[in-house]
Amino acid sequence: MKITEEYININNSRQNIMIACKNAEYPVLLILHGGPGSPDRPLVLRYNKELFEYFTVVCWDQRGSGLSYNHECLTEKITVDLLLSDLKCLVQHLLSRFGKQKIYLAGHSWGAYLGLRFVSEYPQYIEYYIGTGQGISSEKDEIYKYNFVLREAEKSNDQQVLKKLLLFGEPQGYHYKNKDMQAKRFVAKMVQKYGGYINPESTISMNQYFSLYLKHYGVNVFKVIKGINYSVKYLNPQVNSSDPISCITDLNIPALFISGECDYVCPVEATQKWFEKLTAPKKDFVLIKNASHMVNFEKPDEWCKQIIDLL
């Protein structure tokens, strides 16, 4: 098993990839991290190593993220279209490098947003798409988040949270009647508190995540932090102002969608409703119990098995 980290030129930008390769003949699996701006290779190395026995696994610190954060980010305004162009360039690089006709593409959360848009536009490069924590629409997702927090607050009789929700009011589309930005931040924080991000029954924690990032990136962990802030600043407004995912109603490649049954970061109910209307040569939706948004790391054995079984 050989695991390397290297910089390559992607659209005239120096970007970092990690490659775990046991056998160059294995199919290539490119994993797109979430965020935006949150590289996941420390978590993949810790929790998803089983994939290395079946795939050549590639993790990419996207433009402006992790080890791909650089001085250009001080003046460059990153866009979704630019990242989609970067992704196309990377996929073409991997096809040429490993002598493949197609690759497997897996995206988590923000990575699933990017991945689904990519496979919808460039199906010719992809053998199979795997979307985990597949968000559909900021507008549709927000009402599910709000209602989840409301239910949990009522269950626990959390009067402080209930008062806040009453103040903000139920969201209309992607906007709250009162204190919109404060309301969104508060609801997102409560989703995490009530287990919509990491399930309460999970054996992992945010502290474990932070420890893995610090161990892997060392002093470069500051690049990770800067990259998250940079990516969120420019990319979140673009994602939240449009609704391209819910407009995707058919795919020309087989697709597998995996969600934790308690995911309320990208609410599973919204994903399921969208999935029911999706047409594809083959499609499957898998719910994993006792898991939330970080299902690929909360229940790594189950998640990896679903992907390995595609072979």
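Residues numbered from 1 in each chain as written. Predicted model: local features only at pLDDT ≥ 70, side-chain atom pairs only at ≥ 80, totals over all residues. Heavy atoms only, no water.

Going by what an unreviewed UniProt entry lists, the chain is known as Alpha/beta hydrolase and is assigned to Candidatus Eubacterium faecipullorum.

Enquirer: How would you sum up the environment of R14? Please name residues and give values.
Expert: Note on placement: R14 falls in strand β2 (residues 13-21). Among the residues examined, R14 registers a relative accessible area of 53% and is labelled exposed. Along the sequence, R14 and F210 sit 196 residues apart, while their C-alpha atoms lie 25 Å from each other. Contacts of R14, omitting those with residues within four sequence positions, involve Y7, I8, S68 and N70. (Helix = DSSP H or I, 4+ residues; strand = E, 2+ residues; numbered from the N terminus. Buried < 20%, exposed > 50% of the residue type's maximum accessible area, 1.4 Å probe, protein only. Contact = heavy atoms within 4.5 Å.)

Enquirer: Could you give me a rundown of the UniProt feature "domain: AB hydrolase-1" (unreviewed entry) in the chain, with the residues and numbers involved?
Expert: The positions UniProt marks with the feature "domain: AB hydrolase-1" (unreviewed entry) are residues 27-300. For residues 27-300, the helix share is 46%, the strand share is 13%, and the end-to-end C-alpha distance is 20 Å. (UniProt positions renumbered as here; feature names shortened; annotations may be inferred.)

Enquirer: Which residues make up the packing of aromatic side chains, and what values do they have?
Expert: Applying the stated criterion to the full structure yields 19 aromatic pairs. Centroid distance Y47 to F297: 6.1 Å. Interplanar angle 45°. Geometry classified as tilted. One end of the pair, Y47, is in helix α1 (residues 41-47); the other, F297, is in helix α10 (residues 295-298), and 250 residues separate them in sequence. We classify Y47 as buried; its relative accessible area is 11%. Looking at F297, the relative accessible area reads 2%, which means it is buried. Pairwise contacts between aromatic rings join Y129, F257, W274, F275 and F285 into one cluster. (Phe/Tyr/Trp six-rings, centres within 6.5 Å; stacked < 30°, edge-to-face > 60°.)

Enquirer: Any chance you could break down the pairing of strand β4 (residues 56-61) for me, citing the residues and the numbers?
Expert: Side chains on a regular strand alternate between the two faces of the sheet. The element β4 is extensively covered by neighbouring structure, given that six of its six residues are classed as buried. Alternating positions in β4 separate into two faces, T56, V58 and W60 on one and V57, C59 and D61 on the other, with burial throughout. Pairing of β2 with β4, which is carried by five bridges, proceeds in the antiparallel orientation. The partner of I17 across the bridge, within β4, is W60. You can see the chain leave strand β3 (residues 28-32), run along α1 and come back into β4, and the turn it takes is right-handed. (Pairing = 2+ DSSP bridges. Right-handed = clockwise from strand over helix to strand, strands pointing away.)

Enquirer: Kindly report on unusual backbone geometry, identifying the contributing residues and their values.
Expert: Between G35 and the following residue, P36, the backbone shows a cis peptide bond with an omega angle of 10°. The phi torsion at N11 lies on the positive side, around 50°, for a residue other than glycine. Looking at the secondary structure, you find N11 in the loop between β1 (2-10) and β2. The exposure class of N11 is partly exposed, given its relative accessible area of 33%. At S109, a residue that is not glycine, the phi angle is positive and equals roughly 60°. Within the element layout of this structure, S109 appears in the loop between β5 (103-108) and α3 (110-121).

Enquirer: So what about the sheet that holds β4? Which residues, and what values?
Expert: In space, the eight strands of this open sheet follow the order β1-β2-β4-β3-β5-β6-β7-β8, with mixed pairing throughout. The open sheet has two edge strands with one neighbour each: β1 and β8 (283-288). Neighbour-to-neighbour, the strand axes of this sheet turn through a mean angle of 20°, independent of strand direction. Pairing of strand β6 (residues 126-132) with strand β7 (residues 255-260) involves four bridges; the strand directions are parallel. Pairing of T132 across the sheet is with I258, part of β7. Those strands touched by helix α2 (residues 80-98) are β1, β2, β3, β4 and β5, and its axis lies near 160° from that of β3. (Axes fitted to C-alpha atoms, helices over the stretch in contact; angles between N-to-C directions.)

Enquirer: Outline α2, listing residues and values.
Expert: The end-to-end C-alpha distance of α2 is 27 Å, a good match for the 27 Å that 19 residues give at a rise of 1.5 Å each. Positive backbone phi, at 65°, marks G99, one or two positions downstream of α2. (Expected span 1.5 Å × (residues − 1).)

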